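Chain by chain, the residues:
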Amino acid sequence: MQNHPPAGPTPRTRLARLGGVIARHPRSWVAVWAVVAAACFAIAVGGVTGESLFERLHSGAPTVASESSRAQDVIAQSQPALETLTLQVTGARLDDPATVARGAAATKEIAGVPGVKSVRSPLLSPKGVDDPRTAFLLEGGSPAAGGFVTVVDFEPGQDKAAQDAAEAKAEQKLLAVPAAMGAQGSVGSTNKVIKAITSTVERDLLRGEGIALPLTFLVMFFVFAGFIAAGMPVVGALVSIGGALLSLFVFSHVVDLDATVVNIVTLLGLGLSIDYGLLTVSRFREELAHRAHEVPTREEVALAAERTVATSGRTVLFSGLTVAIALAGLLIFEASIMRAIGVAGVSVVLVAMVVAITLVPALCVLGARRLARKAVERTSDVGFFSRLADGVQGRPVVVIVGIVVVLVFLALPTLSMRLTSSGTELLPKDAQQRVFFDQLNRDYPALSSPEVTVVAASADTAAVTAWAQQFKTSPGVESVAVQPLGATHQRVDLRVAGRPTSNDAQDLVSRVRGTTAPFQTLTTGQAAGQIDFLDSMAARAPYAVGLVVLGTFVLLFLMTGSVVMPVKALLLNVISLGAALGVVVWIFQDPHLEGLLNFSSVGAVESMVPFLVLAFGFGLSMDYEVFLLSRIVEFHRQGVENDRAVSLGLQRTGRIITSAALLIVIVFAGFVAGDILIIKQMGLALVAAVVIDATLVRMLLVPATMTLLGRWNWWAPAPLRRLHDRFGITE
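Read on for an overview of the structure. (Residues numbered from 1 in each chain as written. Predicted model: local features only at pLDDT ≥ 70, side-chain atom pairs only at ≥ 80, totals over all residues. Heavy atoms only, no water.)

**Structural notes on the overall build of the protein chain**
Link 1 in the chain: Across its full length, the protein chain holds 23 helices and ten strands.
Link 2 in the chain: For 731 residues, the compact-globule estimate of 2.2 N^0.38 gives 27 Å, and the C-alpha radius of gyration of the protein chain, at 30 Å, lies within 12% of that figure.
Link 3 in the chain: Projected onto its principal axes, the C-alpha positions of the protein chain cover 95 × 50 × 40 Å.
Link 4 in the chain: Going through the 731 residues of the protein chain one by one, you find that 56% of them count as buried.
Link 5 in the chain: Residue pairs in contact within the protein chain that sit at least 24 positions apart in sequence constitute 80% of those at least 6 positions apart.
Link 6 in the chain: Entry remark: accessible area of the protein chain is about 29,500 Å², with carbon and sulfur atoms responsible for 61%.
Link 7 in the chain: Counting 58 positive and 57 negative side-chain charges, the protein chain places the averaged centre of each group 8 Å from the other. (Helix = DSSP H or I, 4+ residues; strand = E, 2+ residues; numbered from the N terminus. Rg over C-alpha atoms; globule rule 2.2 N^0.38 Å. Buried < 20%, exposed > 50% of the residue type's maximum accessible area, 1.4 Å probe, protein only. Contact = heavy atoms within 4.5 Å. Areas by Shrake-Rupley, 256 points an atom, 1.4 Å probe, with all protein chains shown as cover. Lys, Arg positive; Asp, Glu negative; His and termini not counted. Charge placed at Lys NZ, Arg CZ, Asp CG, Glu CD.)

If you want it as structure tokens, here you go:
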């Protein structure tokens, strides 16, 4: 059994010196982080500032400055959007005058609520429930079905407290209407949908972490064979979660933060913190094994801390920077939600990095004696992973071809990927507000927003009507309605069968925008907004990809001194991420496994998911790439030849990468169990990405390609070699 002790004295790099400082004052570092973590949780979720993060969240389709948004601005000038509250009543005897009279009397009281602007109800019509002007407020257009709606409009410009008070009082009065009529009723609104989504996000977050943290602790107990070592990464993860929530709370004061951002960003912080904590604790125990005394002396503990921070700390910094670069690519996009995720994600990565190179080493120093019991000189150069590497190196071409075929097969469903931006569909099918709006859209279609709206810059209603009639024959179009929009514009509402972002709706948007009109037109609606969002993302994508590729290439070059390995890493990541997206399309769009994963398919993938999976998945893939390459490079610089360096690197990191992948799969699986559809899609996509990357790519494809390339792995043009000799980061 051969071992490779540290090659010579520890270089006194900045990281090594930081490790020495931590070793001298571990309790101070832990105390500072304890205070910081407590403050983070108190501010972000404890409500010490008067409101918590979850009270500041919003929800809605992603938007960009576009034709669709300009049309909405024109509409808002003449028809400003009002906050509304809608009552749906079923089982009412609308053929009984006494019942209608009781309902009308109760409805009239709503108008007296402070903050209420108007009340629309068929019960208030002077001509009674048979008035054709209010037929759109009756289920089926007639009183025979026994169903109707009442819509309350609130005064615009009220502050949040006044609006909330008005809605609460109006809801109380609304629910008195069906009670007076001996019927059933339910109330819904956009604000209620947002509250339902944010409360579900909060519940999913608690559930996800409630599942992830105990299971990760259990797995790490078996990995480290001890409670103390297992608890250190978990403590680091908890602190990182606090930092993540605080950063999101701060950003919520700068931009409107979508509710789904919280779980996405917190999920990343939790996963990275556990990965980095696992790496740090493992390296500390490995360094502690090189001691002369059974009970380590303070000097031996300090040396182990210096070596750990200098080596694993360097790996964490490289890994964190690659993840941060991947997320920084989101800042290139125009959509504010993508920028918010990018900025918040980068800040969370930075917190995870700092925790891993300061708090976790401090905990290791405090628990050094307990860790030393398991830290013995037994790290072998031969084991499962080295034998796996030897087997792969014996037939690299067969392995490469086989794995690439599997990954391409998994990626094939992405060719048929359809995208959508869901509203209430984000909620579970049995959620109260989703049931409410599904029923409202089915029974009262006139109250739903038209799928496509055209704003025509013309005062001539007849001319606009004549122009709009040509779209009546378009596939799926059910009706065309024109109404004046102020003095200088007309509004054309086109209702299309199916979902608001259906293919028919999107095709109609394209046809309208491609049709010449004798006046200026602007097209909006959910389908138009999605088209504009995706067009904006596609226009900025090359710049975002360029930033990520360039930044990652530079970092990997500084670490390895090679131009081949960064290029290879980028190509392998693209293939594995394509496979992960293919799995998402197969499950959520086609669909499969609805019952097992407890979701109802909308026949498409949420429009943000592919971009977020590429950013987050790329970062996590590079995370494992850096873990593996850092050890291979370390052995190569000690003079070990290429294939042996690969075998040793895989043997030393295989267990860590596999454990880290298992832990992060547990983290993401906790969110797959959640109720919000986009979080479920993101969680499953990242589970697939991690599993594919940590098994097929890192364990098989990387050793096979490095074996096939041989000494070319380390090639770089002479000018770049000189540049690396001067600026490369080795320790």
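**Considering the sheet that holds strand β6 (residues 452-456)**
Link 1 in the chain: The sheet built from four strands is open, its strands ordered β7-β8-β6-β9 with antiparallel pairing. What marks the edges here is a single partner per strand, and that holds for β7 (477-485) and β9 (521-524). Put simply, the sheet's adjacent strands are angled 20° from each other on average, direction ignored.
Link 2 in the chain: By the bridge criterion, five bridges tie β6 to strand β8 (residues 489-496) in an arrangement that is antiparallel. (Pairing = 2+ DSSP bridges. Axes fitted to C-alpha atoms, helices over the stretch in contact; angles between N-to-C directions.)

**Looking at the packing of helix α20 (residues 609-637) against helix α22 (residues 677-709)**
Link 1 in the chain: Put simply, α20 and α22 touch, their axes get as near as 9 Å, and they point 35° apart. Crossing angle aside, the handedness with which α20 passes α22 is right-handed. Listed contacts from α22 to Val609, Leu612, Val613, Phe616, Gly617, Leu620, Ser621, Tyr624, Glu625, Leu628, Leu629 and Ile632 of α20 are Ile678, Gln681, Met682, Ala685, Leu686, Val690, Asp693, Arg698, Val702 and Met706.
Link 2 in the chain: Class assignment of the residues belonging to the contact of α20 with α22 gives a composition of 16 nonpolar, three polar and three charged. (Left-handed = near helix turned anticlockwise from the far one by under 90°. Nonpolar A, V, L, I, M, F, W, Y, C, P; charged D, E, K, R; others polar.)

**Some thoughts on unusual backbone geometry**
Link 1 in the chain: Going from Asp590 to Pro591, the amide bond is cis rather than trans, its omega being -20°.
Link 2 in the chain: By secondary structure assignment, the location of Pro591 is in the loop between α18 (564-589) and α19 (594-597).
Link 3 in the chain: Positive phi outside glycine occurs at Leu593, with the angle close to 65°.
Link 4 in the chain: Looking at Leu593, the relative accessible area reads 38%, which means it is partly exposed.
Link 5 in the chain: We note that Asn598 has phi near 60°; this positive angle belongs to a residue other than glycine.

**What to know about the environment of Gly654**
Link 1 in the chain: Within the secondary structure, Gly654 is located in helix α21 (residues 642-672).
Link 2 in the chain: Under the relative-accessibility criterion, Gly654 is labelled buried at 0%.

**Observations concerning the packing of aromatic side chains**
Link 1 in the chain: Inspection of the entire model under this criterion finds nine aromatic pairs.
Link 2 in the chain: Aromatic pair Trp467 and Phe519: ring centres 5.6 Å apart, planes at 75°, arrangement edge-to-face. Here Phe519 lies in the loop between α16 (503-514) and β9 and Trp467 lies in helix α15 (residues 461-468), a separation of 52 residues in the sequence. The same class applies to Trp467 and to Phe519, which are both buried.
Link 3 in the chain: Seen from their ring centres, Phe588 and Phe599 are 4.6 Å apart, and the 45° between their planes marks the pair as tilted. Separated by eleven residues along the polypeptide, Phe588 in helix α18 and Phe599 in the loop between α19 and β10 (605-606) bring together distant segments of the chain.
Link 4 in the chain: On the basis of relative accessible area, Phe588 is assigned to the buried category, the value being 1%. (Phe/Tyr/Trp six-rings, centres within 6.5 Å; stacked < 30°, edge-to-face > 60°.)

**Brief notes about the packing of helix α12 (residues 384-394) against α22**
Link 1 in the chain: Two elements in contact, α12 and α22, have axes separated by 9 Å at closest approach and are oriented at 50°. Comparing their axes, α22 and α12 come out oblique. Considering how the two elements wind past one another, α12 and α22 form a crossing that is right-handed. Residues Phe385, Leu388, Val392 and Gln393 of α12 touch α22, and the partners they reach there are Met699, Leu700, Pro703, Ala704 and Thr707.
Link 2 in the chain: Here the contact of α12 with α22 is composed, by residue class, of seven nonpolar, two polar and no charged. (Parallel < 35°, antiparallel > 145°, perpendicular 65-115°, else oblique.)

**With respect to the pattern of salt bridges**
Two side chains bearing opposite charge may form a pair once their charged atoms approach each other closely.
Link 1 in the chain: Counted by the stated rule, this structure contains 21 salt bridges.
Link 2 in the chain: A salt bridge links Arg513 to Asp532; the nearest nitrogen and oxygen atoms lie 2.8 Å apart. Taken together, the positions of Arg513 in helix α16 and Asp532 in helix α17 (residues 526-560) put the pair 19 residues apart, joining distant regions of the chain.
Link 3 in the chain: Residue classification places Arg513 among the partly exposed residues on the basis of a relative accessible area of 27%.
Link 4 in the chain: Residue classification places Asp532 among the buried residues on the basis of a relative accessible area of 8%.
Link 5 in the chain: Arg631 is the salt-bridge partner of Glu634, the closest N and O atoms lying 3.5 Å from each other. With Glu634 and Arg631 both in helix α20, this residue pair falls three residues apart, about one helical turn.
Link 6 in the chain: When salt bridges with common partners are traced through the structure, they connect Arg283, Glu286, Glu287, Arg307, Arg631, Glu634 and Arg652 into a single cluster. (Salt bridge = Lys/Arg side-chain N within 4 Å of Asp/Glu carboxyl O.)

**As for the nonpolar core**
Link 1 in the chain: Counting 178 residues, the largest nonpolar core has Met338 and Phe616 as the members making the most contacts within it.
Link 2 in the chain: At 19 residues, the largest contribution of residues to this core is made by α22.
Link 3 in the chain: Once residues lying within four places of it in the same chain are set aside, the contact partners of Phe616 are Ile264, Leu268, Leu327, Leu330, Ile341 and Leu686.
Link 4 in the chain: One finds Val116, Val152, Phe154 and Leu174 within the second-largest nonpolar core, a separate group that totals 25 residues. (Core = buried A, V, L, I, M, F, W, Y, C linked by side-chain atoms within 4.5 Å.)

**Points about the sheet that holds strand β1 (residues 84-90)**
Link 1 in the chain: Read from one edge to the other, the open sheet built from four strands follows the order β2-β3-β1-β4, with strand pairing classed as antiparallel. Strands at the two margins of the open sheet, each flanked by one partner only, are β2 (116-120) and β4 (184-188). For this sheet, the mean angle separating the axes of adjacent strands, direction not counted, is 15°.
Link 2 in the chain: Note that β2 and strand β3 (residues 148-154) share four bridges and pair antiparallel. When the bridges of β3 are listed, Ser118 appears paired with Asp153.

**Let's talk about the side chain of Thr198**
Link 1 in the chain: Inspection of the secondary structure assignment puts Thr198 in helix α6 (residues 190-224).
Link 2 in the chain: Overall, Thr198 belongs to the buried group, its relative accessible area being 9%.
Link 3 in the chain: A polar atom in the side chain of Thr198 sits 3.0 Å from the backbone oxygen of Lys195.
Link 4 in the chain: What Thr198 contacts, discounting residues up to four positions off in sequence, is Phe54, Leu57 and Ala259. (Polar contact = N/O pair within 3.5 Å; in protein donor to acceptor, adjacent residues only side chain to side chain.)

Honestly, it's all geometry; don't read function into it.
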